[in-house]
Amino acid sequence: MPAPTLDLERSLAGPSVRYLACLDEVGRGALAGPVSVGLTVLDLTALVELPDVRDSKLLKAARREELAPVVREWAAFCAVGHAEAAEIDSFGIVEALALAAQRAWHGVVAAGGRADAVLLDGKHNWLQRPEESLFDLFAPAADALASTALPADDGGPAGSRGGGTAVVAPAVDIRDIPVTMRIKADMDCQGVAAASILAKVERDAIMAALAEEHPAFGWDVNKGYGTAAHKDAIRQLGPCDQHRRSWKLL
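From a predicted model like this one, the values you see are computed outputs, not experimental measurements. (Residues numbered from 1 in each chain as written. Predicted model: local features only at pLDDT ≥ 70, side-chain atom pairs only at ≥ 80, totals over all residues. Heavy atoms only, no water.)

**Considerations on the pattern of salt bridges**
Then step 1. What the rule picks out here adds up to 13 salt bridges.
Then step 2. One salt bridge in this structure joins E49 and R10, with 3.1 Å as the shortest N-O distance. In this pair, E49 sits in the loop between β2 (35–43) and α2 (61–74) while R10 sits in helix α1 (residues 7–11), placing the two residues 39 residues apart along the sequence.
Then step 3. When the shortest N-O distance is used, the salt bridge between D55 and K57 registers 2.9 Å.
Then step 4. Since its relative accessible area comes to 61%, K57 is described here as exposed. (Salt bridge = Lys/Arg side-chain N within 4 Å of Asp/Glu carboxyl O. Helix = DSSP H or I, 4+ residues; strand = E, 2+ residues; numbered from the N terminus. Buried < 20%, exposed > 50% of the residue type's maximum accessible area, 1.4 Å probe, protein only.)

Laid out in structure tokens, this is it:
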């Protein structure tokens, strides 16, 4: 399989586009835990190849852990945002994805980042602003799950889940920035593949922590996805507060 490149990212550069936000999600199809969105901001005037990066699904856990700090050094800015299972139940997966992206974006802006364009994996623009947005309903909590954004020269720790410092809403809403969609961008584009690695590493850590609270479900192994063992545990014990109860769990 060909390695991802920066070809598409370079093609999006222009007089009004210097900073490109690349996004990818992790955990969309899980039965439990948050959905997470990784965001890397690339300076298109200073791109450097990151040849070892791949879509997170193609990498072993140890390799993702090795690459995450490399990605944080490589990107101009980066962050990961999360939306809880209860939020997925309340607002639906599409709105939860957008909420997680908003939280990541707030972290980037708090660190001094900006973006002139967005590159989004897939064919459906889940960042698109709905006619009646739900964001205003929970704006005070919009940064509670946001990860700390890291400038390119900061090798600091990944952001936390919950309890984050509130951030004033950015003057520019990420939903108002022009979006380019690319099917399998996580396979083809280094910026999106890098975002997927950050999101996967953070979400896996969250699921490992949740597994300590709910060991019977095996989340340290299945990461909340619908494995046979996970479903057997749901049958025996019933769902817990970290399950997406509005979903068909069995």
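**A few points about helix α4 (residues 93–110)**
Then step 1. Compared with the 26 Å implied by 1.5 Å per residue over 18 residues, the 26 Å span of α4 between its first and last C-alpha is a close match.
Then step 2. Of all 18 residues in α4, 14 are buried, a share of seventy percent or more.
Then step 3. Just downstream of α4, G112 is the residue with a positive phi angle, here 95°. (Expected span 1.5 Å × (residues − 1).)

**Structural notes on a negative patch on the surface**
Then step 1. Side chains of E212, E213, D220 and D241 sit close together on the surface and give a patch of like negative charge.
Then step 2. Structurally, the position occupied by E212 is in helix α6 (residues 190–213).
Then step 3. The exposure class of E212 is exposed, given its relative accessible area of 69%. (Patch = residues over 30% accessible without salt bridge, like charges linked within 9 Å, V, L, I, M, F, W, Y side chains within 5 Å. Areas by Shrake-Rupley, 256 points an atom, 1.4 Å probe, with all protein chains shown as cover. Lys, Arg positive; Asp, Glu negative; His and termini not counted. Charge placed at Lys NZ, Arg CZ, Asp CG, Glu CD.)

**Details of the environment of H106**
Then step 1. Relative to the helices and strands, H106 resides in helix α4.
Then step 2. The exposure class of H106 is buried, given its relative accessible area of 6%.

**A look at the nonpolar core**
Then step 1. Counting residues in hydrophobic clusters, the biggest one holds 30 residues, and the most contacted among them are L42, W74 and L119.
Then step 2. Broken down by secondary-structure element, the contributors of at least two residues to this core are β1 (19–26), α2, β3 (77–83), β4 (117–121) and α6.
Then step 3. The element contributing the most residues to this core is α6, with seven residues.
Then step 4. Filtering out sequence-adjacent residues up to four positions away, W74 remains in contact with L6, L42, V48, E49, L50, Q190, G191 and A194.
Then step 5. Within the second largest apolar cluster, 27 residues are counted, among which are V35, V37, V41 and F77. (Core = buried A, V, L, I, M, F, W, Y, C linked by side-chain atoms within 4.5 Å. Contact = heavy atoms within 4.5 Å.)

Nothing here speaks to function; it is geometry throughout.
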